Amino acid sequence: LCFLRMQAALAACTSRSEASGLRVEAVSGYDKGKSTQTKYAFAYNMRFSNVGTRAIRVLGRQYDFREGSGALASQVRAGQPEAAGVVGFTPLLHPGESFEFGSGVVLGSPCGSVTGRFLVMVEPELAREDAALHEQMQQAELMLRFVYFKGLDTEQFHVPLGQLRFDAGV
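These notes cover the structure that comes with them.

**Examining the overall build of the protein**
Secondary structure summary: the protein contains three helices and nine strands in total. Taken over the C-alpha atoms alone, the protein extends approximately 60 × 35 × 25 Å along its principal axes. Per-residue burial for the protein yields a buried fraction of 39% across its 170 residues. Partitioning the contacts of the protein with sequence separation of at least 6, the portion at a separation of at least 24 is 76%. Only carbon and sulfur atoms are counted for the fraction: they give 52% of the accessible area of the protein, which is about 9,200 Å². Mean positive and mean negative side-chain charge positions of the protein (17 and 17 charges, respectively) differ by 9 Å.

As structure tokens, this is what we get:
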């Protein structure tokens, strides 16, 4: 019975959303070793999975981190350098492929949450000369890469990050 209660508590610290062929799954955990009596460190892992039929690329993110009270703790907003890519990458996902990453946040309370969204584009089919430049841009510095991809004439859309809870008691 205790095991089942722990599973229910852990489930509350997960998130899953899906839109336009991209599934976003996330899980959070408390990092006691990096926490103090007034600062609570949390790690989170995310997985992007292309469950659609088109190649897509994750370009950027927007996050609202909130304390347990609901007060805004920090943000990553569109237009900020931190919004470009995810942990330095602009992952290209062909149908059936996934990309995983981990990160963290420090809050002033033992509970909190994050919500947000990801900017995604459909990978374009390019002529040979354009494809060579596109290949080069995949290796460019993150901000240059972000601006290049965002400026392409291809479908772009947002995929929500469902609320991911942080809880030092789990």
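That was the structure; now back to the text.
**As for the environment of Val122**
Tracing the backbone shows Val122 in strand β8 (residues 111–122). A relative accessible area of 12% places Val122 in the buried class. Taking the C-alpha atoms as reference points, Val122 and Ala55, separated by 67 residues in sequence, lie 6.1 Å from one another. When near neighbours in sequence (up to four residues on either side) are disregarded, Val122 contacts Arg54, Ala55, Ile56, Thr154, Glu155 and Phe157.

**As for helix α3 (residues 142–150)**
Among the residues of α3, those classed as buried are Leu142, Arg145, Phe146, Tyr148 and Phe149. In an axial view of α3, the angular spread of the buried residues amounts to 165°, which keeps them on one side of the axis. In this fold, the buried residues of α3 make contact with β4 (56–67), β8, α2 (128–137) and β9 (156–167). With a side-chain oxygen lying 3.1 Å from the backbone nitrogen of Met143, the N-terminal cap of α3 falls on Glu141.

**Observations regarding the side chain of Ser35**
With respect to the helices and strands, the residue Ser35 is situated in the loop between β2 (22–30) and β3 (40–50). Taking the relative accessible area as the measure of exposure, Ser35 reaches 16% and is therefore buried. Within the structure, the side chain of Ser35 is placed 2.9 Å from the backbone oxygen of Asp31, a separation counted as a polar contact. For Ser35, the side chain forms a polar contact with the main-chain nitrogen of Ala41, separated by 2.8 Å. The contact partners of Ser35, leaving out residues within four places of it in the chain, are Tyr30, Tyr40 and Ala41.

**Considerations on the sheet that holds β2**
With antiparallel pairing, four strands are arranged side by side in an open sheet as β1-β2-β3-β7. If you trace the sheet from one side to the other, it starts and ends with β1 (14–19) and β7 (98–107), each paired once. Across the sheet, the axes of successive neighbouring strands diverge by a mean angle of 15°, strand direction being ignored. Relative to β7, β3 runs antiparallel, the two being bridged by ten bridges. Note on β7: the bridge partner recorded for Asn45 is Gly102.

Cut-offs and rules
Residues numbered from 1 in each chain as written. Predicted model: local features only at pLDDT ≥ 70, side-chain atom pairs only at ≥ 80, totals over all residues. Heavy atoms only, no water. Helix = DSSP H or I, 4+ residues; strand = E, 2+ residues; numbered from the N terminus. Buried < 20%, exposed > 50% of the residue type's maximum accessible area, 1.4 Å probe, protein only. Contact = heavy atoms within 4.5 Å. Areas by Shrake-Rupley, 256 points an atom, 1.4 Å probe, with all protein chains shown as cover. Lys, Arg positive; Asp, Glu negative; His and termini not counted. Charge placed at Lys NZ, Arg CZ, Asp CG, Glu CD. Arc of directions from axis to C-beta. Polar contact = N/O pair within 3.5 Å; in protein donor to acceptor, adjacent residues only side chain to side chain. Pairing = 2+ DSSP bridges. Axes fitted to C-alpha atoms, helices over the stretch in contact; angles between N-to-C directions.

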